[in-house]
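Spelled out from the first residue to the last, the chains are:
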Amino acid sequence: MNQLLEISGLTKKYPQFELTDISFTLAEGRIMGLIGKNGAGKTTTLKAMLNLVHPDCGRIQILSRDFPAEEISCKQEIGVVLGEIDFYQHKTLTDITAVTSRFYKNWDNEAYQHYMNEFELDPKKRVNQLSQGMRVKYLIALALSHKARLLILDEPTSGLDPVSREDLLVLFQALVKNQKRGILFSTHITSDLDKCADDITYIKDGKLLISAEKERFMKSFEHLKTPNDTGDLSLEEIMIRTDRRNYDV
(Lines give C-alpha, C1' and ligand atoms only; values in the text may rest on other atoms or scores of the structure.)
Protein backbone atom coordinates (compact mmCIF):
# COMPACT_ATOMS: atom_id res chain seq x y z
CA MET A 1 0.00 0.00 0.00
CA ASN A 2 1.19 3.48 -0.83
CA GLN A 3 1.50 6.08 1.90
CA LEU A 4 -0.81 9.08 1.53
CA LEU A 5 0.55 10.90 4.57
CA GLU A 6 3.91 10.72 6.34
CA ILE A 7 4.56 12.92 9.38
CA SER A 8 7.94 12.82 11.11
CA GLY A 9 9.12 14.83 14.10
CA LEU A 10 6.37 17.46 13.87
CA THR A 11 6.92 20.07 16.59
CA LYS A 12 5.19 23.34 17.43
CA LYS A 13 5.92 25.38 20.56
CA TYR A 14 3.67 27.98 22.14
CA PRO A 15 4.29 29.82 25.44
CA GLN A 16 1.78 27.62 27.27
CA PHE A 17 1.82 24.46 25.14
CA GLU A 18 4.22 22.28 23.17
CA LEU A 19 3.48 19.78 20.46
CA THR A 20 6.57 17.57 20.45
CA ASP A 21 7.97 15.09 17.92
CA ILE A 22 4.72 13.78 16.42
CA SER A 23 5.25 11.01 13.85
CA PHE A 24 2.79 8.72 12.04
CA THR A 25 1.82 7.47 8.57
CA LEU A 26 -1.48 6.86 6.81
CA ALA A 27 -1.75 4.43 3.89
CA GLU A 28 -4.26 4.16 1.06
CA GLY A 29 -7.50 2.44 1.96
CA ARG A 30 -7.16 3.21 5.68
CA ILE A 31 -9.10 5.25 8.22
CA MET A 32 -7.02 6.67 11.05
CA GLY A 33 -8.48 8.10 14.22
CA LEU A 34 -6.53 10.83 16.00
CA ILE A 35 -7.48 10.78 19.67
CA GLY A 36 -6.68 12.68 22.84
CA LYS A 37 -8.65 14.70 25.34
CA ASN A 38 -9.50 18.35 24.65
CA GLY A 39 -6.32 20.41 24.59
CA ALA A 40 -4.07 17.40 23.96
CA GLY A 41 -2.85 18.77 20.63
CA LYS A 42 -5.06 17.12 18.00
CA THR A 43 -6.11 20.30 16.21
CA THR A 44 -2.61 21.79 16.55
CA THR A 45 -1.24 18.65 14.88
CA LEU A 46 -3.63 18.98 11.96
CA LYS A 47 -3.01 22.70 11.52
CA ALA A 48 0.77 22.34 11.80
CA MET A 49 0.97 19.55 9.26
CA LEU A 50 -1.14 21.63 6.84
CA ASN A 51 1.02 24.73 7.45
CA LEU A 52 -1.99 26.64 8.79
CA VAL A 53 0.27 27.31 11.75
CA HIS A 54 3.97 27.21 10.95
CA PRO A 55 5.63 24.19 12.62
CA ASP A 56 9.00 24.72 14.31
CA CYS A 57 10.34 21.53 12.78
CA GLY A 58 9.27 18.26 11.25
CA ARG A 59 8.95 16.52 7.91
CA ILE A 60 5.56 16.44 6.18
CA GLN A 61 4.90 14.41 3.06
CA ILE A 62 1.51 14.21 1.39
CA LEU A 63 1.08 11.83 -1.56
CA SER A 64 4.86 11.27 -1.48
CA ARG A 65 5.53 14.97 -1.98
CA ASP A 66 7.23 17.42 0.34
CA PHE A 67 4.24 19.40 1.53
CA PRO A 68 5.94 22.73 2.38
CA ALA A 69 7.68 22.78 -1.00
CA GLU A 70 4.67 21.62 -3.04
CA GLU A 71 1.79 22.90 -0.93
CA ILE A 72 -0.30 24.23 -3.80
CA SER A 73 -0.19 21.01 -5.83
CA CYS A 74 -0.77 18.85 -2.73
CA LYS A 75 -3.88 20.81 -1.81
CA GLN A 76 -5.39 19.89 -5.16
CA GLU A 77 -5.66 16.32 -3.89
CA ILE A 78 -6.74 16.75 -0.28
CA GLY A 79 -10.00 17.71 1.36
CA VAL A 80 -9.92 19.44 4.73
CA VAL A 81 -12.62 20.14 7.32
CA LEU A 82 -11.25 21.88 10.41
CA GLY A 83 -13.24 22.97 13.46
CA GLU A 84 -16.46 24.87 13.05
CA ILE A 85 -17.90 24.81 9.54
CA ASP A 86 -18.07 28.50 8.74
CA PHE A 87 -19.75 29.50 5.49
CA TYR A 88 -21.61 32.55 4.31
CA GLN A 89 -24.80 31.51 6.04
CA HIS A 90 -27.19 33.06 3.53
CA LYS A 91 -25.46 31.82 0.38
CA THR A 92 -26.84 28.84 -1.51
CA LEU A 93 -24.78 25.72 -2.07
CA THR A 94 -24.82 26.55 -5.79
CA ASP A 95 -23.17 29.92 -5.08
CA ILE A 96 -20.50 28.40 -2.84
CA THR A 97 -19.76 25.60 -5.31
CA ALA A 98 -19.37 28.08 -8.19
CA VAL A 99 -16.59 29.84 -6.28
CA THR A 100 -14.95 26.71 -4.88
CA SER A 101 -14.74 24.88 -8.21
CA ARG A 102 -12.54 27.61 -9.70
CA PHE A 103 -9.66 26.67 -7.40
CA TYR A 104 -9.35 23.05 -8.57
CA LYS A 105 -7.94 22.03 -11.93
CA ASN A 106 -9.42 18.53 -11.58
CA TRP A 107 -12.93 19.70 -10.77
CA ASP A 108 -15.47 17.16 -12.08
CA ASN A 109 -18.97 18.58 -12.29
CA GLU A 110 -20.45 15.18 -13.11
CA ALA A 111 -18.95 13.76 -9.92
CA TYR A 112 -20.26 16.77 -8.00
CA GLN A 113 -23.80 16.15 -9.22
CA HIS A 114 -23.45 12.47 -8.33
CA TYR A 115 -22.42 13.14 -4.73
CA MET A 116 -25.01 15.87 -4.26
CA ASN A 117 -27.67 13.35 -5.28
CA GLU A 118 -26.15 10.53 -3.24
CA PHE A 119 -26.00 12.69 -0.11
CA GLU A 120 -29.49 14.10 -0.80
CA LEU A 121 -28.23 17.69 -0.84
CA ASP A 122 -30.38 20.38 -2.43
CA PRO A 123 -28.09 22.91 -4.19
CA LYS A 124 -30.77 25.58 -3.93
CA LYS A 125 -30.71 25.52 -0.13
CA ARG A 126 -28.87 28.13 1.86
CA VAL A 127 -26.21 27.09 4.35
CA ASN A 128 -28.33 28.17 7.31
CA GLN A 129 -30.98 25.70 6.19
CA LEU A 130 -28.65 22.71 6.57
CA SER A 131 -28.09 20.57 9.62
CA GLN A 132 -24.53 20.13 10.88
CA GLY A 133 -24.41 16.64 9.42
CA MET A 134 -25.51 17.86 6.01
CA ARG A 135 -22.88 20.58 6.08
CA VAL A 136 -20.19 17.98 6.68
CA LYS A 137 -21.55 15.89 3.80
CA TYR A 138 -21.51 18.95 1.56
CA LEU A 139 -17.83 19.58 2.31
CA ILE A 140 -17.06 15.94 1.59
CA ALA A 141 -18.97 16.23 -1.70
CA LEU A 142 -16.78 19.21 -2.62
CA ALA A 143 -13.62 17.29 -1.73
CA LEU A 144 -14.62 14.24 -3.77
CA SER A 145 -15.59 16.43 -6.72
CA HIS A 146 -12.00 17.56 -7.12
CA LYS A 147 -10.84 13.95 -6.71
CA ALA A 148 -9.29 14.37 -3.26
CA ARG A 149 -7.42 11.23 -2.22
CA LEU A 150 -6.77 12.31 1.37
CA LEU A 151 -9.51 13.60 3.66
CA ILE A 152 -8.44 15.38 6.86
CA LEU A 153 -11.30 16.03 9.26
CA ASP A 154 -11.32 17.66 12.68
CA GLU A 155 -14.17 16.43 14.90
CA PRO A 156 -16.51 15.76 11.93
CA THR A 157 -19.12 13.94 14.04
CA SER A 158 -19.11 16.35 16.98
CA GLY A 159 -22.58 17.67 17.76
CA LEU A 160 -24.36 15.22 15.47
CA ASP A 161 -27.24 13.02 16.53
CA PRO A 162 -26.56 9.24 16.66
CA VAL A 163 -28.24 8.54 13.30
CA SER A 164 -26.29 11.26 11.48
CA ARG A 165 -23.05 10.07 13.10
CA GLU A 166 -23.71 6.50 12.00
CA ASP A 167 -24.45 7.68 8.44
CA LEU A 168 -21.11 9.50 8.28
CA LEU A 169 -19.16 6.51 9.60
CA VAL A 170 -20.73 4.27 6.96
CA LEU A 171 -19.83 6.90 4.36
CA PHE A 172 -16.21 7.02 5.54
CA GLN A 173 -15.89 3.25 5.19
CA ALA A 174 -17.39 3.34 1.70
CA LEU A 175 -15.01 6.10 0.61
CA VAL A 176 -11.86 4.09 1.37
CA LYS A 177 -13.07 0.83 -0.16
CA ASN A 178 -11.43 1.52 -3.51
CA GLN A 179 -8.04 1.51 -1.74
CA LYS A 180 -7.04 4.83 -3.32
CA ARG A 181 -8.29 7.20 -0.62
CA GLY A 182 -7.48 7.56 3.05
CA ILE A 183 -9.12 9.43 5.92
CA LEU A 184 -7.55 11.01 8.99
CA PHE A 185 -9.99 12.37 11.51
CA SER A 186 -9.63 13.63 15.01
CA THR A 187 -12.35 12.94 17.52
CA HIS A 188 -13.09 12.66 21.20
CA ILE A 189 -16.05 10.36 20.43
CA THR A 190 -14.05 7.17 20.68
CA SER A 191 -17.03 4.90 20.04
CA ASP A 192 -16.94 6.16 16.43
CA LEU A 193 -13.45 4.73 16.05
CA ASP A 194 -14.46 1.41 17.57
CA LYS A 195 -16.76 1.10 14.56
CA CYS A 196 -14.69 2.31 11.64
CA ALA A 197 -10.99 2.99 12.34
CA ASP A 198 -8.18 0.86 10.97
CA ASP A 199 -5.42 2.75 12.82
CA ILE A 200 -5.27 4.88 15.96
CA THR A 201 -2.89 7.71 16.82
CA TYR A 202 -3.00 8.85 20.45
CA ILE A 203 -1.67 12.22 21.56
CA LYS A 204 -1.46 13.15 25.24
CA ASP A 205 -0.27 16.54 26.50
CA GLY A 206 1.31 17.35 23.15
CA LYS A 207 3.26 14.09 22.92
CA LEU A 208 2.69 10.98 20.85
CA LEU A 209 1.93 7.93 22.98
CA ILE A 210 1.47 5.46 20.16
CA SER A 211 0.36 5.26 16.53
CA ALA A 212 -0.53 1.76 15.36
CA GLU A 213 -2.97 -0.55 13.64
CA LYS A 214 -6.02 -0.75 15.91
CA GLU A 215 -5.53 -4.32 17.12
CA ARG A 216 -1.89 -3.70 18.04
CA PHE A 217 -2.88 -0.39 19.62
CA MET A 218 -5.41 -2.11 21.88
CA LYS A 219 -2.95 -4.82 22.90
CA SER A 220 -0.35 -2.24 23.92
CA PHE A 221 -2.67 -1.09 26.72
CA GLU A 222 -3.52 -4.49 28.17
CA HIS A 223 -1.42 -3.74 31.25
CA LEU A 224 -4.11 -1.21 32.23
CA LYS A 225 -6.64 -3.99 32.76
CA THR A 226 -7.69 -5.04 36.25
CA PRO A 227 -8.78 -8.48 37.47
CA ASN A 228 -12.36 -7.30 37.08
CA ASP A 229 -11.97 -6.73 33.34
CA THR A 230 -13.21 -9.80 31.48
CA GLY A 231 -12.94 -8.39 27.94
CA ASP A 232 -10.93 -5.90 25.94
CA LEU A 233 -10.85 -2.30 27.12
CA SER A 234 -12.69 0.21 24.97
CA LEU A 235 -10.84 3.19 23.54
CA GLU A 236 -12.75 5.40 25.97
CA GLU A 237 -11.61 3.35 28.96
CA ILE A 238 -8.03 3.33 27.67
CA MET A 239 -8.05 7.13 27.52
CA ILE A 240 -9.55 7.44 31.00
CA ARG A 241 -7.09 5.02 32.61
CA THR A 242 -4.11 6.45 30.72
CA ASP A 243 -4.96 9.96 31.86
CA ARG A 244 -4.93 8.81 35.49
CA ARG A 245 -1.42 7.37 35.37
CA ASN A 246 1.89 7.82 33.60
CA TYR A 247 2.16 5.70 30.50
CA ASP A 248 5.22 4.77 28.49
CA VAL A 249 4.97 2.48 25.45
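Asks: Account for the overall build of the chain, naming residues and giving values.
Replies: Within the chain, the secondary structure is distributed over nine helices and 10 strands. Compactness check: the chain gives a C-alpha radius of gyration of 18 Å against a globular reference of 18 Å for 249 residues, within 12% of the reference. Expressed as a percentage of its 249 residues, the buried residues of the chain come to 50%. For the chain, contacts bridging at least 24 residues in sequence account for 67% of all contacts bridging at least 6.

Asks: So what's going on with helix H9 (residues 235–243)? Residues and values would help.
Replies: Within the span of H9, buried status applies to Leu235, Ile238, Met239, Arg241 and Thr242. Structurally, H9 contributes buried residues whose contacts are with strand S3 (31–35), helix H7 (190–196), strand S9 (199–204), strand S10 (207–213) and helix H8 (214–219).

Asks: Before we move on, can you summarise the side chain of Arg165 with the specific residues and values?
Replies: Structurally, Arg165 is set in helix H6 (residues 162–175). Since its relative accessible area comes to 17%, Arg165 is described here as buried.

Asks: Describe the nonpolar core, with residues and values.
Replies: With 49 residues, the main nonpolar core has Ile140, Phe172, Ile183, Phe185, Tyr202 and Phe217 as its most contacted residues. With near-sequence residues (within four places) excluded, Ile183 lies in contact with Leu26, Arg30, Ile31, Met32, Leu151, Leu153, Phe172, Leu175 and Val176. Core analysis: the next-biggest nonpolar cluster, separate from the first, contains 24 residues, Leu46, Ala48, Leu63 and Leu150 among them.

Asks: Tell me what's going on with the pairing of strand S4 (residues 57–62), and back it up with residues and numbers.
Replies: Pairing analysis gives five bridges linking strand S1 (residues 3–13) to S4, with the strands arranged antiparallel. Its bridge partner lying in S4, Glu6 is registered against Gln61. In this structure, S4 lies alongside strand S5 (residues 65–66), joined through two bridges in antiparallel fashion. Across the sheet, residue Gln61 finds its bridge partner in S5, namely Asp66.

Asks: Tell me what's going on with the pairing of strand S2 (residues 18–27), and back it up with residues and numbers.
Replies: Pairing between S1 and S2: seven bridges, direction antiparallel. Paired with Leu10 across the strands is Ile22, a residue of S2. Between the end of S1 and the start of S2, which pair antiparallel, lie four residues.

Asks: Help me get a handle on the pattern of salt bridges, residues and values and all.
Replies: As enumerated under the stated definition, the model contains 11 salt bridges in all. Glu77 is the salt-bridge partner of Arg65, the closest N and O atoms lying 2.4 Å from each other. Within this pair, whereas Arg65 is found in strand S5, its partner Glu77 is found in the loop between helix H2 (71–75) and strand S6 (78–81), the two being separated by 12 residues in sequence. Across the pair Lys219 and Glu215 runs a salt bridge, and its minimum N-O distance is 3.5 Å. With Lys219 and Glu215 both in helix H8, this residue pair falls four residues apart, about one helical turn. One continuous salt-bridge network, built from bridges that share partners, spans Asp229, Glu237 and Arg241.

Asks: So what's going on with the environment of Phe67? Residues and values would help.
Replies: Considering the arrangement of structural elements, one finds Phe67 in the loop between S5 and H2. Phe67 sits 62 residues away from Leu5 along the chain, and the two C-alpha atoms are 9.8 Å apart. When near neighbours in sequence (up to four residues on either side) are disregarded, Phe67 contacts Met49, Leu50, Asn51, Ile60, Gln61, Ile62, Cys74 and Lys75.

Asks: Run through the layout of surface pockets, naming residues and quoting values.
Replies: A water-sized probe rolled over the atoms picks out the places where empty space is left. In this structure, the second largest pocket spans a volume of roughly 220 Å³. Lining of the second largest pocket is provided by 15 residues; of these, Lys37, His188, Glu236, Met239 and Ile240 occupy positions nearest its centre. Where the lining of the second largest pocket is concerned, the elements lending two or more residues are H7, S9 and H9.

Asks: Tell me about the packing of helix H4 (residues 109–118) against helix H5 (residues 132–145), and please be specific about residues and values.
Replies: At a minimum axis distance of 8 Å, the contact between H4 and H5 shows a crossing angle of 155 degrees. Classified by the angle their axes make, H4 and H5 are roughly antiparallel. Of the two elements, H4 crosses H5, and the hand of that crossing is right-handed. Where H4 approaches H5, its residues Ala111, Tyr112, Tyr115 and Met116 are matched on the opposing element by Tyr138, Ala141, Leu142, Leu144 and Ser145. For the contact of H4 with H5, a count of residues per class yields eight nonpolar, one polar and no charged.

Reading the values: the criteria
- Residues numbered from 1 in each chain as written.
- Predicted model: local features only at pLDDT ≥ 70, side-chain atom pairs only at ≥ 80, totals over all residues.
- Heavy atoms only, no water.
- Helix = DSSP H or I, 4+ residues; strand = E, 2+ residues; numbered from the N terminus.
- Rg over C-alpha atoms; globule rule 2.2 N^0.38 Å.
- Buried < 20%, exposed > 50% of the residue type's maximum accessible area, 1.4 Å probe, protein only.
- Contact = heavy atoms within 4.5 Å.
- Core = buried A, V, L, I, M, F, W, Y, C linked by side-chain atoms within 4.5 Å.
- Pairing = 2+ DSSP bridges.
- Salt bridge = Lys/Arg side-chain N within 4 Å of Asp/Glu carboxyl O.
- 1 Å grid on protein atoms, 1.4 Å probe; cavity = no way out; pocket = protein on both sides within 12 Å on 5 of 7 lines; lining within 4 Å.
- Points joined across faces, edges and corners; volume = space filled by probe spheres on them.
- Axes fitted to C-alpha atoms, helices over the stretch in contact; angles between N-to-C directions.
- Parallel < 35°, antiparallel > 145°, perpendicular 65-115°, else oblique.
- Left-handed = near helix turned anticlockwise from the far one by under 90°.
- Nonpolar A, V, L, I, M, F, W, Y, C, P; charged D, E, K, R; others polar.

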